[in-house]
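# Examination of the molecular architecture
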Amino acid sequence: MQHKDSSDVKGPPKQRLTVCLISAAFFGSVGSSFLYGYNLSVVNAPASYIKTFYNKTWIDRYNEPIGDGTVTLLWSVTVSIFAIGGLVGALTVSFLIKVLGRKGTLLANNGLALIAALLLALGETAGSFEMLIIGRFIIGMDSGVSLSVLPMYLGEISPRQVRGSIGQFHSIFICLGVFIGQVLGLPEILGQVSLRWNFLFGFLALPALLQLCVLPFLPESPRFLLMERRDEAGAEKAFQAFLGRSDVSRELEEVHAESRAQNTQRTASVLELFRKRSLRWQLITVIVVMSCYQLCGLNAIWYYTNGILQNAGFQPAVIPYITLSTGGIETLAAVISGLVIEKVGRRPLLIFGFSAMAVFFSLLTVFLHYQDRFSWMPYLSFTSILLLIASFCSGPGGVPFVLTGELFEQSYRPAAFMIAGTVNWLSNFAVGLLFPFIQEALQTFAFLLFVVVCVAGAVYLLLVLPETKNKTFMEISQSFSKINGIPDQTQEREMKDALDTAATNGLQCAEVEMESSF
């Protein structure tokens, strides 16, 4: 057989975005990422009214006002139980997607969102603060599931030329959810008692219902259908819908080759992933990146924003409108990141984001230390906060979820997302629990701890992480072979042999020399 010279082989075609692909990313994110972001900010505006409701309910039950310590405890539980629910949700992901699939899990997850919306919206009417606490736990579970399953789904349905951009829908809708939560929480809209603050929580049902109405008509992940359900006909239709062309034989054969290279058709367990030597540094990388995602200090910024604005001389009634700029900056930076990620790459965005955050945290520490001495210093502090938020959303805010889907092959991906989700939620809980004590002990110098985290994350990524832009999952796996101490290239040979066989058999006729989009 005569082989073509490698220089004659055509590169991958420029992949256009299809309506099906954009719809899956949009509606998948609306009912998942958006709800997570919305729940991060929605509890801030009605906080005083919820505490008043707790006091009223306590008086109705026990004929005495609630103690300050008790109301503080109830409010702390209401806020923090969201992260506990997220951890529980993340731990169920591997089981759910094995039974229901990627799309099926997203659809079933909307049931949690609807139950939570009812509990949170009707808690005041029922005179039950327990309903609010349970509702926050359930919506936390919803977020724990969606933060793992949606990035997995988006990564598997996206051609590699646009996989990063489609994956950034997740980050964009988290930021958009935060922003909409801030907007709806304004006093003129739903953020005051006269307009029924519980409508803020009832709004949770709308994105969930929207996803339930549209997502059933969009395809399941073709990689899941082919590799785990052995449904070649369904996988072919899914590939055709997402790619917008009828001939997808090359994509099908590439997934078959990956399946043969893995030498397993079942989903690997978390323990098996930890034991897999060839995935050791991929796993370490995901743990480091997801830890830095939460421990880099962005959540702690919200503790300071209102205080800085008050010190700058702004009236308390005006501050909610000024803080809208933080949500706007978040969303804008996430959109820009999604537009440039396929040109710049994942690695530079992450390294730049963490490095810039280290710089602005350092500046913020200086500005906060001297803000009582100069009247104009709080304005510099607030500017630093805006730049910190933009730096976070430019890379660290979304790329970690894209990376988790890219660094692992099909059978190990669910376990990887379970580990990533567990690290994410444990780190989230740790920051919420420990930062108030750290801040009390170190005052403005508390932010220097986040400088250390950001610098450590940037250095690690600079030394360890290869670029994954426009690579197949098999190529990404091979990028870690050297650092994992696995010089054997059997998987790569398996893929090439399989694709050569496909070409020999005339699987793609005129386009046999063209690379797969996946």
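The chain appears in an unreviewed UniProt entry as Solute carrier family 2 member 9 from Cyprinus carpio. For the chain, the Subcellular location (unreviewed entry) comment in UniProt is given as "Membrane".

## Looking at the overall build of the chain
The number of helices and strands found in the chain is 24 helices and 0 strands. Within the span of the chain, comprising 518 residues, buried residues form 56% of the whole. Relative to all contacts within the chain whose residues are 6 or more apart in sequence, the contacts with residues 24 or more apart total 82%.

## Looking at the pattern of salt bridges
Counted under the stated rule, the structure contains 9 salt bridges. Here Arg61 and Glu130 are joined by a salt bridge, their closest N and O atoms 2.8 Å apart. With Arg61 in helix α3 (residues 47-62) and Glu130 in helix α6 (residues 129-157), this residue pair connects regions lying 69 residues apart in the sequence. Among the ionic pairs, Glu406 bridges to Arg346, the shortest N-O distance being 2.6 Å. Taken together, the positions of Glu406 in helix α20 (residues 399-406) and Arg346 in helix α18 (residues 346-370) put the pair 60 residues apart, joining distant regions of the chain. Here Glu406 and Arg346 have matching classes, each one buried. Salt bridges here are not isolated pairs; linked through shared partners, they connect Arg102, Glu156, Glu228 and Arg413.

## Quick notes on the confidence of the model for the chain
Of the residues in the chain, 88% have a pLDDT of 70 or more, and the chain-wide mean is 85. Across the chain, helix α9 (residues 205-214) holds the top mean pLDDT of 96, while helix α24 (residues 490-504) sits lowest at 49. Low pLDDT, under 50, characterises residues 1-11; the stretch is placed with 9 contacts to residues that sit more than four places away or in other chains. Here residues 501-514 is modelled with pLDDT under 50, and outside its nearest four sequence neighbours on either side it reaches 21 contacts, counting other chains as well.

## Notes on the packing of helix α14 (residues 280-295) against helix α22 (residues 447-464)
Packing of α14 against α22 brings their axes to within 10 Å, and their N-to-C directions diverge by 155°. The angle between α14 and α22 places the two elements in the roughly antiparallel class. In this structure, α14 meets α22 at a crossing whose hand is left-handed. Facing Trp281, Ile284, Thr285, Val288, Val289, Cys292 and Leu295 of α14, the residues of α22 in contact are Phe450, Val453, Gly457, Tyr460, Leu461 and Val464. By residue class, the composition of the contact of α14 with α22 is 11 nonpolar, 2 polar and no charged.

## Looking at the nonpolar core
Across soluble globular proteins, nonpolar side chains show a tendency to be buried alongside one another. Counting 141 residues, the largest nonpolar core has Tyr54, Leu273, Phe361 and Phe408 as its most contacted members. No other element matches the 14 residues that α6 contributes to this core. When near neighbours in sequence (up to four residues on either side) are disregarded, Phe408 contacts Leu273, Leu279, Gln282, Leu283, Val286, Arg413, Ala416 and Phe473.

## Topic: the state of the cysteines
Overall, the coordinates contain 0 disulfides when judged by the stated rule. No disulfide involves Cys393; its sulfur sits 3.7 Å from that of Cys175, the nearest cysteine. Given a relative accessible area of 1%, Cys393 falls into the buried group. Left unpaired, Cys454 is separated from the closest cysteine sulfur, that of Cys296, by 5.2 Å.

## A few points about the packing of α14 against helix α21 (residues 413-442)
In the contact formed by α14 and α21, the axes pass within 8 Å of each other and the chain directions differ by 30°. Overall, the two elements α14 and α21 adopt an arrangement that is roughly parallel. As α14 runs across α21, the sense of the crossing is right-handed. Contact residues: α14 offers Leu283, Val286, Ile287, Met290, Ser291, Tyr293, Gln294 and Leu295, while α21 offers Ile419, Ala420, Val423, Asn424, Ser427, Asn428 and Val431.

## Some points on α9
Those residues of α9 not exposed but buried are Ala205, Pro207, Ala208 and Gln211. Buried-residue contacts for α9 involve α1 (19-30), α2 (33-41), α5 (93-126) and α8 (199-202).

## Digging into the environment of Ser148
By secondary structure assignment, the location of Ser148 is in helix α6. The sequence separation of Ser148 and Ser32 amounts to 116 residues, and the corresponding C-alpha distance is 9.9 Å. Discounting chain neighbours no more than four positions away, the residues touching Ser148 are Val93, Phe417 and Gly421. Of note is the side chain of Ser148, whose polar atom sits 3.4 Å from the backbone oxygen of Phe417.

## A word on a nonpolar patch on the surface
The grouping of Phe314, Val318, Val366, Tyr370, Phe374, Trp376, Tyr379 and Leu380 at the surface amounts to a nonpolar patch, some 690 Å² of accessible area in total. Among the secondary structure elements, those contributing two or more residues to the nonpolar patch are α18 and α19 (377-394). On the secondary structure map, Phe374 appears in the loop between α18 and α19.

## Concerning unusual backbone geometry
The phi angle at Arg230 is positive, at roughly 55°, despite the residue not being glycine. Mapping Arg230 onto the fold places it in the loop between α10 (222-227) and α11 (232-243). Phi angles above zero are rare outside glycine, and Asn470 is one such case at about 60°. You can see Asn470 is positioned in the loop between α22 and α23 (473-479). Overall, Asn470 belongs to the partly exposed group, its relative accessible area being 33%.

## Notes on the packing of aromatic side chains
Per the stated rule, a full pass over the model turns up 20 aromatic pairs. Arranged with centres 5.9 Å apart and planes meeting at 45°, the rings of Phe53 and Tyr54 form a pair that is tilted. Like Phe53, the residue Tyr54 is buried in the burial classification. Note on Phe361 and Phe447: the rings are 5.5 Å apart at their centroids and 20° apart in plane angle, and the pair reads as stacked. A residue pair is termed long-range when its members are at least 10 positions apart, and Phe361 in helix α18 and Phe447 in helix α22 qualify at 86 residues.

Definitions and cut-offs
Residues numbered from 1 in each chain as written. Predicted model: local features only at pLDDT ≥ 70, side-chain atom pairs only at ≥ 80, totals over all residues. Heavy atoms only, no water. UniProt positions renumbered as here; feature names shortened; annotations may be inferred. Helix = DSSP H or I, 4+ residues; strand = E, 2+ residues; numbered from the N terminus. Buried < 20%, exposed > 50% of the residue type's maximum accessible area, 1.4 Å probe, protein only. Contact = heavy atoms within 4.5 Å. Salt bridge = Lys/Arg side-chain N within 4 Å of Asp/Glu carboxyl O. pLDDT = per-residue confidence, 0-100. Axes fitted to C-alpha atoms, helices over the stretch in contact; angles between N-to-C directions. Parallel < 35°, antiparallel > 145°, perpendicular 65-115°, else oblique. Left-handed = near helix turned anticlockwise from the far one by under 90°. Nonpolar A, V, L, I, M, F, W, Y, C, P; charged D, E, K, R; others polar. Core = buried A, V, L, I, M, F, W, Y, C linked by side-chain atoms within 4.5 Å. Disulfide = S-S within 2.5 Å. Polar contact = N/O pair within 3.5 Å; in protein donor to acceptor, adjacent residues only side chain to side chain. Patch = residues over 30% accessible without salt bridge, like charges linked within 9 Å, V, L, I, M, F, W, Y side chains within 5 Å. Areas by Shrake-Rupley, 256 points an atom, 1.4 Å probe, with all protein chains shown as cover. Phe/Tyr/Trp six-rings, centres within 6.5 Å; stacked < 30°, edge-to-face > 60°.

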